[in-house]
Amino acid sequence: MATMINFGSEMIRINPANNRIEYSTNRGTSWYSRCTSSSYGTFKDLLPFGNELLAVTSKGIYYSTNKGTSWYSRCTSTSYGDFQTLMDNGSELLAQTTKGLYYSTNKGTSWYLRCR
């Protein structure tokens, strides 16, 4: 799971102690809070995806267009199981869930089972 990533000129991480999205502009020497809302669920995984930042949370897949300050729901359906991790293979998104490996060709809005 990617709990810390490079995104543009910043490092962005999930702080699991308080479920915050934090950022650093000095290679991790100091960290600043960017998102402290619990309304998105518990953050599990981060993925840079073009100009968006994707997050796996306990409530589904969310995306941000402002480096993680605010988040918007992309997929919160429970029919895929609980999302665990995300990966971009260049032509599609892959998601490991509690029900198997899923893929998406529309930025994670809908998912299709690849393997149980």
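Calculation notes
- Sequence order as written defines the numbering, with residues in each chain counted from 1.
- Where totals are concerned, whole chains, interfaces and linings use all residues; where local detail is concerned, this predicted model gives features only for residues with pLDDT of at least 70, and gives and counts side-chain atom pairs only at 80 or more.
- Excluding hydrogens and water, the side-chain values take into account all heavy atoms of the structure.
- Centres within 6.5 Å make a pair out of two Phe, Tyr or Trp rings, where for Trp the six-membered ring is used; the pair is then stacked when the planes are under 30 degrees apart, edge-to-face when over 60, and tilted otherwise.
- By definition, any uninterrupted DSSP run of H or I lasting at least four residues is a helix, any uninterrupted run of E lasting at least two residues is a strand, and each is numbered from the N terminus.
- The buried label goes to any residue with under 20% of its type's maximum accessible area, the exposed label to any with over 50%, and the partly exposed label to all in between, with areas taken from a 1.4 Å probe on protein chains only.
- Strand pairing follows a simple DSSP-based rule, namely that at least 2 bridges must link the two strands.
- Where helices are involved, their axes are fitted lines through C-alpha atoms of the stretch in contact, as for all axes, and angles between N-to-C directions lie from 0 to 180°.
- Salt bridges are defined by distance alone: a side-chain nitrogen of Lys or Arg within 4 Å of a carboxyl oxygen of Asp or Glu.
- In protein, a polar contact requires one atom able to donate a hydrogen and another able to accept it; more generally it is a pair of N or O atoms within 3.5 Å, and residues adjacent in sequence count only if both atoms are side-chain atoms.
- Contacts are assigned to residue pairs with any non-hydrogen atoms lying within 4.5 Å of each other.

Visitor: Can you help me understand the packing of aromatic side chains in this one?
Guide: For any two aromatic rings, the description comes down to two numbers: the centre-to-centre distance and the angle of the planes. Per the counting criterion, the structure on display carries nine aromatic pairs. With a centroid separation of 5.6 Å and 70° between ring planes, the pair formed by Y40 and Y62 is classed as edge-to-face. Residue Y40 is found in the loop between strand 4 (32-35) and strand 5 (43-49), and its partner Y62 is found in strand 7 (residues 60-64); the two are separated by 22 residues along the sequence. Accessibility assignment for this pair places Y40 and Y62 in one class, buried. Ring geometry for Y80 and Y102: centres 5.3 Å apart, planes at 75°, overall edge-to-face.

Visitor: Could you clarify how one ought to interpret the sheet that holds strand 4 in this entry?
Guide: Backbone hydrogen bonds are what pair the strands of a sheet, in a parallel or an antiparallel way. Pairing within the open sheet is antiparallel, and its four strands lie in the order 1-2-3-4. Looking along the sheet, the strands with just one partner apiece sit at the ends: strand 1 (4-7) and strand 4. Between one strand and the next, the sheet's axes are offset by a mean angle of 35°, whatever the strand orientation. Here three bridges tie strand 3 (residues 20-24) to strand 4, and the two strands are oriented antiparallel to one another. Counterpart to I21 in the pairing with strand 4 is C35.

Visitor: I keep staring at the pattern of salt bridges and nothing clicks. Help me out?
Guide: Opposite charge on two side chains permits them to pair, given that their charged atoms come into close proximity. Per the stated rule, a full pass over the model turns up five salt bridges. For R34, the salt bridge goes to E10, with nearest N and O atoms at 2.7 Å. One end of the pair, R34, is in strand 4; the other, E10, is in strand 2 (residues 10-15), and 24 residues separate them in sequence. Across the pair R13 and E22 runs a salt bridge whose closest N-O atoms are separated by 2.8 Å.

Visitor: What is the right way to look at the pairing of strand 5 in this model?
Guide: Working note: regular strand, side chains alternate between the two faces of the sheet. Most of strand 5 is tucked away: six of the seven residues are buried. Examined bridge by bridge, strand 5 and strand 6 (residues 52-57) share six bridges and lie antiparallel to one another. By the bridge assignment, P48 is partnered in strand 6 with L53. Between the end of strand 5 and the start of strand 6, which pair antiparallel, lie two residues, with G50 showing a positive phi angle near 60°.

Visitor: Help me understand the sheet that holds strand 6 in this model?
Guide: With antiparallel pairing, four strands are arranged side by side in an open sheet as 5-6-7-8. Every interior strand has two partners, whereas the edge strands, strand 5 and strand 8 (72-75), have only one. With strand direction ignored, the average angle separating the axes of adjacent strands in the sheet is 30°. As paired strands, strand 6 and strand 7 are joined by five bridges and run antiparallel to one another. Within strand 7, the position partnered with L53 by the bridge is S64.

Visitor: I tried to follow the side chain of N15 on my own but got confused; where do I start?
Guide: Examined against the element boundaries, N15 turns out to sit in strand 2. Among the polar contacts made by the side chain of N15, one reaches the side chain of E22 at a distance of 3.2 Å. Discounting chain neighbours no more than four positions away, the residues touching N15 are R20 and E22.

Limitation: the analysis is restricted to geometry and does not speak to function.
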